[in-house]
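Survey of secondary and tertiary structure
Next come the chains, spelled out residue by residue.
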Amino acid sequence: MLAYRHLFHAGNFADVFKHSLLTRLILALEKKDKPFFVLDTHAGIGRYDLTHEWAQKNAEYRDGIAMIWGRKDVPDEFIPYFEAIRGENAGNELRFYPGSPRIVRRLLRPVDRMVLVELNKKDCENLGGLYGGDRQTTVYLMDGYQSLKAFLPPKERRGLIFIDSSFDRAREFDRLTEGLVEAHRRFATGVYALWYPLMEPLAMRAFERGLVATGIGKMLQLEMTVVQDGYSEGMRGCGMLVVNSPFGFEPEARSMLKWLQPLLSREGGGGHRVVWLAGE
Ligand SMILES: C[S@@+](CC[C@H](N)C(=O)[O-])C[C@H]1O[C@@H](n2cnc3c(N)ncnc32)[C@H](O)[C@@H]1O
């Protein structure tokens, strides 16, 4: 039984970061007419009721989506993300927050397809309930890292692999790097988006060194922190590693984080960075 339930964290600053960037990666794939494939290896339940007692326990969305919802100065890059949230709610209400499956599914064209993988049986059942009868979406109860072996390479030969682990086991950074190597060996041209929480600086440098040592090219690293340096309670920030970053994504992401970070920052702390960990 997996202990992690994303409903406790839905809509927090990390969700805003990953989901807004995710929309841009999907839209980048749509610049070509050819069909593409999306694999979401840690898919969650797809939609989160922010009034549920679990979501209310720490009300993390209040430091996340609620900080930007209703703003009038939202940059164009965020519009698809905001539309995904609006699509779950009546008017400008913010009751339901869409997870990655709902956000991506809205953007798929009729020729594209998506595989959703979730290891928690109950969460997987909930997710399956949202997609019964959807010919473009298939849901599997499976280990996300196994799914990289099971579904890659996709027949479309174009696609996005989103790896959004809950990081509730030891050695998850190693597992992430190993998973990327395995997946990239099977499908070297895929776009990969790997989310991770920021932990102690030494662990983060080891993760980066490990990634560079894989020899995989075109790795763009995006990070955002929301608290002062030295903060030790809870998550201080998070990052996303994008492999085979699509043309135009880097400047777009920079400008998005420049707008987003100060709005999600607590007492003006933290910052953001976008760097190439490995070039072509
Ligand atoms: C951070 S949440 C995912 C959120 C989702 N990607 C989203 O953005 O809406 C991580 C999910 O991974 C699931 N999970 C944990 N370990 C897993 C594994 N080894 N394989 C697949 N899913 C796993 C958890 O049950 C949880 O639902």
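Above this text sits the structure in question.
Keep in mind the model is a prediction, meaning the values are calculated, not measured.

**Structural notes on the pattern of salt bridges**
Side-chain pairs of opposite charge can arise whenever the charged atoms involved come near each other. One pass over the full model with this rule turns up 24 salt bridges. Note that R24 and E252 form a salt bridge whose closest N and O atoms lie 3.4 Å from each other. Of this pair, R24 sits in helix 1 (residues 13-29) while E252 sits in helix 10 (residues 249-264), placing them 228 residues apart in sequence. Each of the two residues, R24 as well as E252, counts as buried. Residue D174 pairs with R171 through a salt bridge whose shortest N-O separation is 3.6 Å.

**So, the site of the ligand**
Taken together, 22 residues lie near the ligand, and H19, H42, E118, G144 and D164 sit nearest. L119 has a polar backbone atom sitting 3.3 Å from a nitrogen atom of the ligand. Note that a nitrogen atom of the ligand is positioned 2.7 Å from one of the backbone N or O atoms of G144. Within the complex, 99% of the 600 Å² of free accessible area of the ligand lies under protein. Broken down by class, the residue content of the shell around the ligand amounts to six nonpolar, 10 polar and six charged.

**Side note on the sheet that holds strand 7 (residues 191-197)**
Taken in spatial order, the eight strands of this open sheet run 5-4-1-6-7-9-8-10, and their pairing is mixed. The open sheet is flanked by strand 5 (137-141) and strand 10 (271-278), the only strands paired with a single partner. Taken over all neighbouring pairs, the strand axes of this sheet differ in orientation by 15° on average, direction set aside. In this sheet, strand 7 lies alongside strand 6 (residues 159-163) in parallel orientation, the contact comprising four bridges. Opposite F162, over in strand 7, you have A193 as the bridge partner. This element, helix 6 (residues 121-131), spans strand 4 (113-118) and strand 5 of the sheet and lies at about 165° to strand 5. With respect to the sheet, helix 8 (residues 172-186) is in contact with strand 6, strand 7 and strand 9 (237-243), its orientation differing from that of strand 7 by roughly 180°.

**Thoughts on helix 5 (residues 100-107)**
What helix 5 keeps buried is the set S100, P101, I103, V104 and L107. Within helix 5, the buried residues cover an arc of 165° as seen down the axis, which keeps them to one side.

**With respect to the pairing of strand 7**
Taken across its seven residues, strand 7 has seven buried, putting it largely inside the fold. Of the two faces of strand 7, the one carrying V191, A193, W195 and P197 and the one carrying Y192, L194 and Y196 are both buried. Following the backbone out of strand 6, through helix 8 and into the adjacent parallel strand 7, one traces a crossover that is right-handed. Where strand 7 lies against strand 9, six bridges are found, and the strand directions are antiparallel. Bridge pairing in strand 9 links W195 to M240.

**Concerning helix 9 (residues 201-213)**
Side chains three or four residues apart in an α-helix point the same way, a direct result of the helix having 3.6 residues per turn. For helix 9, spanning 13 residues, the distance from its first C-alpha to its last is 18 Å, which sits close to the expected 18 Å at 1.5 Å a residue. Residues M204, F207, E208 and L211 constitute the buried set of helix 9. Burial along helix 9 is one-sided: seen end-on, the buried residues are contained in an arc of 95°. What points out from helix 9, more than 90 degrees from its buried face, is the exposed set L202, R209 and A213.

Rules behind the numbers
- Residues numbered from 1 in each chain as written.
- Predicted model: local features only at pLDDT ≥ 70, side-chain atom pairs only at ≥ 80, totals over all residues.
- Heavy atoms only, no water.
- Salt bridge = Lys/Arg side-chain N within 4 Å of Asp/Glu carboxyl O.
- Helix = DSSP H or I, 4+ residues; strand = E, 2+ residues; numbered from the N terminus.
- Buried < 20%, exposed > 50% of the residue type's maximum accessible area, 1.4 Å probe, protein only.
- Near = heavy atom within 4 Å.
- Polar contact = N/O pair within 3.5 Å; in protein donor to acceptor, adjacent residues only side chain to side chain.
- Areas by Shrake-Rupley, 256 points an atom, 1.4 Å probe, with all protein chains shown as cover.
- Nonpolar A, V, L, I, M, F, W, Y, C, P; charged D, E, K, R; others polar.
- Pairing = 2+ DSSP bridges.
- Axes fitted to C-alpha atoms, helices over the stretch in contact; angles between N-to-C directions.
- Contact = heavy atoms within 4.5 Å.
- Arc of directions from axis to C-beta.
- Right-handed = clockwise from strand over helix to strand, strands pointing away.
- Expected span 1.5 Å × (residues − 1).

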